[in-house]
Amino acid sequence: MIYLDNSATTMPADEVLRTFTEASRSYFANPASLHNEGSRAGQLLESARSQIARLAGDGDAEVVFTSGGTEANNLAVIGFAKKYRYRGNHLITTAAEHDSVRKAFEYLETQGFEVDWLSVDEHGRIDTDELARTLRSDTILVSIMHVNNEIGTVMPLEECAPVIRRKSRAVIHSDCVQSVGKLALPFPDYADAVTVSGHKIRGLKGTGCLITKRFTLPAAISFGGGQEDGLRSGTVNVAGAAAFAKAFRLALTDTDTSAFRSMTRVLHDGLAEEKRVRILSPLDGAPHIFSMAFQGVTGEVAVNYFQEQGLLISTSSACSSKSSRVSHVVEALKLPDDFRKGAVRISFGQENTVRDAERILEVTRQFLQMTKKGLKQHDME
Ligand SMILES: Cc1ncc(COP(=O)(O)O)c(C=O)c1O
């Protein structure tokens, strides 16, 4: 089997597993405890925190450990809106965000906030001019993902940040779950707060964090013992934090992104002329994601066929892959009707090679051949 679903999750690195096991054994005490073992656990936690801040490019940054990307996104979106409501009621995000951002904004709408949703073009990109027109002096938060999880579009944060800063005092948050280790982090130059998830970067599920500039922390959205500066109550997962710091370091210092680029390039070059394939990922998108839509077949049928051939790919995004609805991102691309339901995503990881990309081409061509004539009605349902 060739695993090609790394945007859904990655295989943990051995070093990360070793760090987790060792820290779980040797630093199991509660870092809030006053005894020596508690202090040792607390020191490990703080050293993981400062390592992450340094790696993120700002040694003074705040790092709030969370259970992953979803929780960090919720904390950022709801927490910043709550904290800065005294300054204004207007929020901006995009039509292509992950559900953990999108649904947080939908919740805020029910709480009386006014949200503007920036549209995306056929490559999934926002328009900086639309952003400029939408910003207001009472805009308090702008959240724009760095890399889209379904098609790999890179959002133009370098262009957006100066516009946002010129026209408002809004906090800029960016969901960087899919970009960490593949592109330079937009933090701290183009974003004030970024979300990172451990299991997407060869770390462990249940780990991740929100990294923010110093003095730019959100308000709490969950309550309890007041850990993590009151922002994430609950006994801290010290071993998880240490394992996350290891995964973050590996992602930032030990990832060959040019290898990913070579793999997606094989697919772009090999499939550009196929009439029954629409390539959804832009050529200048993230190096590890390649998404395409088949004409006249559902993504699910394609995923099953690829699996029979030993290739594990996914429909547009792992979270929505079990639902038969067309994802909001694919919907926003305004594909012709006979392509709308046919989207699949291939996402490369550290274990993949160009040979795998060539095998994908072979299987794609077989699939196109096989489905060329006599598409069965049920394939479209
Ligand atoms: C862009 C993006 N943001 C957030 C998340 C949620 O991360 P987690 O699975 O760590 O909660 C995902 C997961 O697929 C994602 O792709």
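Scoring rules and cut-offs
Residues numbered from 1 in each chain as written. Predicted model: local features only at pLDDT ≥ 70, side-chain atom pairs only at ≥ 80, totals over all residues. Heavy atoms only, no water. Axes fitted to C-alpha atoms, helices over the stretch in contact; angles between N-to-C directions. Helix = DSSP H or I, 4+ residues; strand = E, 2+ residues; numbered from the N terminus. Parallel < 35°, antiparallel > 145°, perpendicular 65-115°, else oblique. Left-handed = near helix turned anticlockwise from the far one by under 90°. Contact = heavy atoms within 4.5 Å. Expected span 1.5 Å × (residues − 1). Buried < 20%, exposed > 50% of the residue type's maximum accessible area, 1.4 Å probe, protein only. Near = heavy atom within 4 Å. Polar contact = N/O pair within 3.5 Å; in protein donor to acceptor, adjacent residues only side chain to side chain. Nonpolar A, V, L, I, M, F, W, Y, C, P; charged D, E, K, R; others polar. Phe/Tyr/Trp six-rings, centres within 6.5 Å; stacked < 30°, edge-to-face > 60°. Domains from an automatic or database assignment. Buried area = accessible area lost by both parts, 1.4 Å probe. Salt bridge = Lys/Arg side-chain N within 4 Å of Asp/Glu carboxyl O. Pairing = 2+ DSSP bridges. Core = buried A, V, L, I, M, F, W, Y, C linked by side-chain atoms within 4.5 Å.

### Focus: the packing of helix 1 (residues 14-26) against helix 7 (residues 238-253)
The description of two packed helices rests on the angle between their axes and on the distance between the axes. At a closest axis distance of 8 Å, the pairing of helix 1 and helix 7 adopts a crossing angle of 155°. One element, helix 1, and the other, helix 7, form an angle in the roughly antiparallel class. Two packed elements cross with a definite hand, and for helix 1 against helix 7 that hand is right-handed. Here Glu15, Val16, Thr19, Phe20, Ala23 and Ser24 of helix 1 come into contact with helix 7, specifically with Ala239, Gly240, Ala242, Ala243, Lys246, Ala247, Arg249 and Leu250.

### Some thoughts on helix 8 (residues 257-271)
Between its terminal C-alpha atoms helix 8 stretches 21 Å, which fits the 21 Å expected from 15 residues at 1.5 Å a residue. Phe260, Met263, Thr264, Val266, Leu267, His268, Gly270 and Leu271 are the residues of helix 8 that are buried. Elements that come into contact with the buried residues of helix 8 comprise strand 9 (277-279), strand 10 (289-294), strand 13 (343-347) and helix 11 (354-370).

### Details of the site of the ligand
In the vicinity of the ligand, 14 residues are found, and the nearest of them are Thr70, Asp175, Gln178, Ser197 and Lys200. For the ligand, a nitrogen atom lies 2.6 Å from a polar atom in the side chain of aspartate 175. Considering every element that reaches the shell around the ligand, the biggest residue donor is helix 3 (residues 69-83), with three residues. Considering only residue class, the shell around the ligand consists of two nonpolar, 10 polar and two charged.

### Side note on the packing of aromatic side chains
As enumerated under the stated definition, the model contains seven aromatic pairs in all. Judged by centre distance (6.4 Å) and plane angle (15°), the ring pair of phenylalanine 80 and tyrosine 84 falls under stacked. Here phenylalanine 80 matches tyrosine 84 in class, with each residue buried. Ring centres of phenylalanine 105 and tryptophan 117 lie 6.1 Å apart, and the angle between their planes is 70°; this geometry places the pair in the edge-to-face category. Of this pair, phenylalanine 105 sits in helix 4 (residues 99-110) while tryptophan 117 sits in strand 4 (residues 114-118), and the two are 12 residues apart along the sequence. Residue classification places phenylalanine 105 among the buried positions, given a relative accessible area of 0%.

### A closer look at the domain arrangement of the chain
Each domain of the chain was delimited in the assignment, giving domain 1 (14-253) and domain 2 (256-380). The interface of domain 1 with domain 2 comprises 25 residues on the first partner and 25 residues on the second. Between domain 1 and domain 2 lies a buried interface of about 1900 Å² when both sides are counted; carbon and sulfur atoms form 56% of it. Counting the surface domain 1 buries against domain 2, the share from its top three residues, Glu150, Ile151 and Lys182, is 38%. Connecting domain 1 to domain 2 are one salt bridge. Aspartate 284 is the partner of arginine 125 in a salt bridge, and the nearest nitrogen-oxygen pair spans 2.9 Å. In this structure, the connection of domain 1 to domain 2 is made through eight residue pairs in polar contact (both at pLDDT 80 or more). Across the side of domain 1 that touches domain 2, the residue classes break down as seven nonpolar, nine polar and nine charged.

### With respect to the pattern of salt bridges
A complete count under the given rule lists 19 salt bridges for this structure. Put simply, arginine 40 and glutamate 37 hold a salt bridge, and the shortest N to O gap is 2.8 Å. Of this pair, arginine 40 and glutamate 37 both sit in helix 2 (residues 36-55), three residues apart, which is roughly one turn of the helix. Taking relative accessible area as the criterion, arginine 40 reaches 31% and is therefore assigned partly exposed. Two residues, arginine 136 and aspartate 138, come together in a salt bridge whose shortest N-O distance is 2.9 Å. On the accessibility criterion, arginine 136 (28% relative accessible area) is partly exposed. Note on aspartate 138: relative accessible area 22%, which makes it partly exposed. Taken together, the shared-partner salt bridges in this structure form one network comprising Asp99, Arg102, Lys103 and Glu106.

### Overview of unusual backbone geometry
Phenylalanine 187 connects to proline 188 through a cis peptide bond whose omega is -5°. When you line up the elements, proline 188 lands in the loop between strand 6 (171-175) and strand 7 (193-197). A positive phi angle, near 65°, is found at arginine 202, a position not held by glycine.

### A short note on the sheet that holds strand 10
Read from one edge to the other, the open sheet built from four strands follows the order 9-10-13-12, with strand pairing classed as antiparallel. Each of the sheet's edge strands pairs with one partner strand only, and the pair in question is strand 9 and strand 12 (314-315). Where strand 10 meets strand 13, five bridges bridge the pair, whose relative direction is antiparallel. Its bridge partner lying in strand 13, alanine 293 is registered against alanine 343. Here helix 11 sits on the sheet and contacts strand 9, strand 10 and strand 13; the angle it forms with strand 10, its principal contact strand, is near 10°.

### Considerations on the nonpolar core
Of all hydrophobic cores here, the largest spans 57 residues; its most connected members are Ile52, Phe65, Leu131, Ile211 and Phe248. Broken down by element, this core gets its largest block of residues, 11 residues, from helix 7. Beyond its immediate stretch of four places on either side in the chain, isoleucine 52 contacts Val63, Phe65, Cys209, Ile211, Phe244, Ala245 and Phe248. In this structure, Leu267, Met292, Leu311 and Leu368 belong to the second largest nonpolar core, which totals 26 residues.

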